[in-house]
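Given next are the chains, with one letter for each unit.
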Amino acid sequence: MKFIKQTDVAATQIPQEATHHLDVDESEAALAKRVLRKIDWRLIPLMFITYNLNFMDKTILSSASVFGLREDTNLKGQQYSWVSSVFYFGYFFWEYPTTYLIPRIPVAKYLAVNTLVWGVVVALTAICSNYGGLVTVRFFLGVAEATITPAFMFITSTWYTRDEIPTRTGYWFAGNSVGGLIASFLAFGIGHVSDSIAPWKWMYVILGILTFVWGIPLLLFLPDSIETARFLTEEERKYAADRVVIAGTGRTANADWKLDQALECLIDPKTWIIFSMSLLTQIPNGGTQNFGNLVLKSFGFTSLQSTLLVIPASIIAAGTIAGTGWIAGRFRQWNCMLIVCVVMPAIVGSSLIYVRPRTSSGVQLFGYFLLSTGPGSIPLLISLVGANYKGVTKKMTMTALLFIAYCAGNIAGPQFFRASDAPHYNLAFRAILICYSLVVG
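Residues numbered from 1 in each chain as written. Predicted model: local features only at pLDDT ≥ 70, side-chain atom pairs only at ≥ 80, totals over all residues. Heavy atoms only, no water.

1. Examining the overall build of the protein chain
For the protein chain, the count of helices and strands is 17 helices and zero strands. For a compact globule of 441 residues, the expected C-alpha radius of gyration is about 22 Å, and the protein chain comes in at 25 Å, within 12% of that figure. Once the C-alpha set of the protein chain is aligned to its principal axes, its extents read approximately 105 × 45 × 45 Å. Burial analysis of the protein chain (441 residues in total) assigns 55% to the buried set. Considering only intrachain contacts with a sequence separation of at least 6, the fraction spanning at least 24 residues in the protein chain is 83%. Within the structure as shown, the protein chain displays about 18,800 Å² of accessible surface, and the carbon and sulfur contribution to it stands at 67%. Charge separation in the protein chain, taken as the distance between the mean sites of 33 positive and 26 negative side-chain charges, equals 7 Å. (Helix = DSSP H or I, 4+ residues; strand = E, 2+ residues; numbered from the N terminus. Rg over C-alpha atoms; globule rule 2.2 N^0.38 Å. Buried < 20%, exposed > 50% of the residue type's maximum accessible area, 1.4 Å probe, protein only. Contact = heavy atoms within 4.5 Å. Areas by Shrake-Rupley, 256 points an atom, 1.4 Å probe, with all protein chains shown as cover. Lys, Arg positive; Asp, Glu negative; His and termini not counted. Charge placed at Lys NZ, Arg CZ, Asp CG, Glu CD.)

2. Quick word on helix α7 (residues 165-190)
The end-to-end C-alpha separation of α7 is 38 Å, in line with the 38 Å expected for 26 residues at 1.5 Å each. The sharpest bend along α7 comes to roughly 30°, located at serine 177. Counted residue by residue, α7 has 19 buried out of 26 residues, so it is predominantly covered. (Expected span 1.5 Å × (residues − 1). Bend = angle between axes of the 7 residues up to and from the residue.)

3. Regarding helix α11 (residues 269-298)
Counted at 1.5 Å a residue, the expected span for α11 with its 30 residues is 44 Å, and the 42 Å between its end C-alpha atoms agrees. Of all the bends in α11, the largest measures some 65° and sits at phenylalanine 291. For α11, a buried count of 22 out of 30 residues is recorded, marking the element as mostly surrounded by other parts of the structure. Directly beyond the C-terminal end of α11, a positive phi value near 110° is found at glycine 300.

4. Quick word on a nonpolar patch on the surface
Taken together, the side chains of Val120, Leu124, Ile127, Ile209, Phe212 and Val213 make up a nonpolar region of the molecular surface, amounting to roughly 550 Å² of accessible area. Elements represented by at least two residues in the nonpolar patch include exactly α4 (107-124) and α8 (199-221). With three residues, α8 is the largest single contributor of residues to the nonpolar patch. Using a relative accessible area of 51% as the deciding quantity, one classes isoleucine 209 as exposed. (Patch = residues over 30% accessible without salt bridge, like charges linked within 9 Å, V, L, I, M, F, W, Y side chains within 5 Å. Salt bridge = Lys/Arg side-chain N within 4 Å of Asp/Glu carboxyl O.)

5. Quick look at the domain arrangement of the protein chain
How big an interface is tends to be reported as the loss of accessible area on association of its parts. Domain parsing of the protein chain yields domain 1 (29-254) and domain 2 (260-440). If you average the C-alpha positions of domain 1 and of domain 2, the two centres end up 19 Å apart. Each side of the interface is counted separately: domain 1 has 58 residues, and domain 2 has 56 residues. In total, about 4,800 Å² of surface goes out of reach between domain 1 and domain 2, with carbon and sulfur atoms giving 67% of it. Considering only the surface of domain 1 that becomes buried against domain 2, Tyr88, Met153 and Arg162 emerge as the three largest contributors, covering 14% of it. Counting the contacts that link domain 1 with domain 2 gives zero salt bridges. Connecting domain 1 to domain 2 are 15 residue pairs in polar contact (both at pLDDT 80 or more). Of all the secondary-structure elements, those providing two or more residues to the side of domain 1 that touches domain 2 are α1 (6-65), α3 (79-101), α6 (148-159) and α7. Looking at which element gives the most residues to the side of domain 1 that touches domain 2, the answer is α7, with 17 residues. For the side of domain 1 that touches domain 2, the per-class residue count stands at 27 nonpolar, 24 polar and seven charged. (Domains from an automatic or database assignment. Buried area = accessible area lost by both parts, 1.4 Å probe. Polar contact = N/O pair within 3.5 Å; in protein donor to acceptor, adjacent residues only side chain to side chain. Nonpolar A, V, L, I, M, F, W, Y, C, P; charged D, E, K, R; others polar.)

6. Quick word on the pattern of salt bridges
Applying the stated criterion across every chain yields a total of 10 salt bridges. The shortest N-O distance in the salt bridge between arginine 168 and aspartate 40 comes to 2.7 Å. Of the two residues, arginine 168 is situated in helix α7 and aspartate 40 in helix α1; the sequence distance between them amounts to 128 residues. Here arginine 418 makes a salt bridge to aspartate 421, at a shortest N to O gap of 2.9 Å. Given a relative accessible area of 37%, arginine 418 falls into the partly exposed group. Taken together, the shared-partner salt bridges in this structure form one network comprising Glu264, Asp268, Lys270 and Lys394.

7. Overview of the nonpolar core
If you look at the biggest cluster of nonpolar residues, it comprises 120 residues, and the most contacted ones within it are Ile155, Trp159, Tyr204 and Leu402. The element contributing the most residues to this core is α1, with 13 residues. Counting residues domain by domain, this core receives three or more from each of domain 1 (29-254) and domain 2 (260-440). (Core = buried A, V, L, I, M, F, W, Y, C linked by side-chain atoms within 4.5 Å.)

8. Observations regarding the packing of helix α13 (residues 335-354) against helix α14 (residues 361-371)
Look at α13 against α14: their axes get within 7 Å of each other, and the N-to-C directions meet at 150°. Between α13 and α14, the interaxial angle falls into the category roughly antiparallel. At the point where α13 passes α14, the crossing takes the left-handed sense. When α13 is examined against α14, the residues Pro345, Ala346, Val348, Gly349, Ser350, Leu352 and Ile353 are found in contact with a partner set consisting of Val363, Gln364, Phe366, Gly367, Tyr368, Leu370 and Leu371. (Axes fitted to C-alpha atoms, helices over the stretch in contact; angles between N-to-C directions. Parallel < 35°, antiparallel > 145°, perpendicular 65-115°, else oblique. Left-handed = near helix turned anticlockwise from the far one by under 90°.)

Next up, the structure:
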């Protein structure tokens, strides 16, 4: 008979236990990977395309301005600046009510209905024939679009962990800049149209129809919450819900408004730092977003050329947003430093444009491209809110404050582009330089 030593028996048992634990760990890792992949493929494309349309519909005004909109609607003096600014009065008007509604009603259905209304408003812009009509539709466009970003912030913070939030925010926010790129191609193509309907009207009709139709996929495929996500199995839903509680920003099922959380948000010093940075970065954004094509024309380019020159700027902006979002997702402590990094090129760019006409048109165009990194600051600020504020009331209060600053900055920005300063707009670029410098300071 062969005798087995005690040590031999132990040696045969230890690997079996280790193998069992290894199997469990591998199974959980596979589940985690599968759940995250499913969530990404369902949510990110829907949010990316929606944000794409969001930016196109908002900023096509800049392209329309060089294709006859100002002349056909008889805009005088500062009226075009007010047409640009009034969008954000509508945005401001609806911002807090919508942040109150978002966690309390089915968010996906709310977004879908909102998108249908938004598409109709965009298309109606084509029938405007005077300043009053433009101001009215731009105000209601602001109301319609006010829901998109806070809803996406809410969705991102309730589906993803803290470390995942900056990267995913960067992904869907990059739709902003890609939307600018597509809008430029669209404007260039439509700019060649010559019939009884002006090119700028075709721009609004086409974009309005696209936006309205897009509301249907949102209604069909965007889930209201993890608990109602039919694209996940029951096991996957449970895992998805648990992981955002453990490594995320807490549960959102209890959406009762809590005064103590609102007050806690208001006395938190970082609330007002984020508020100030949002305000200072959006004053430049509001101006360049709506006057971009007019500024490019002032460099000596034609209307059609100006639409094409916006394309490199959009690519730079998209790359900046996606790249900084990816870095912030892996090195969360770098978030504030990344904001400084995206603002620095914009400081140089605004300086190069401000000193014209002492510089060549090539140097001025280079400065304009450098300005394109500036918009990369707002998604970083959004991700700071999503990753650092727990509790529905506190999170949505900070969201509302962030977008109050966003609206105030974008209302003020176009007003620095005074008609009397055209075509150089020195006051505007001095204000842009000061605002970006204060962010760094």
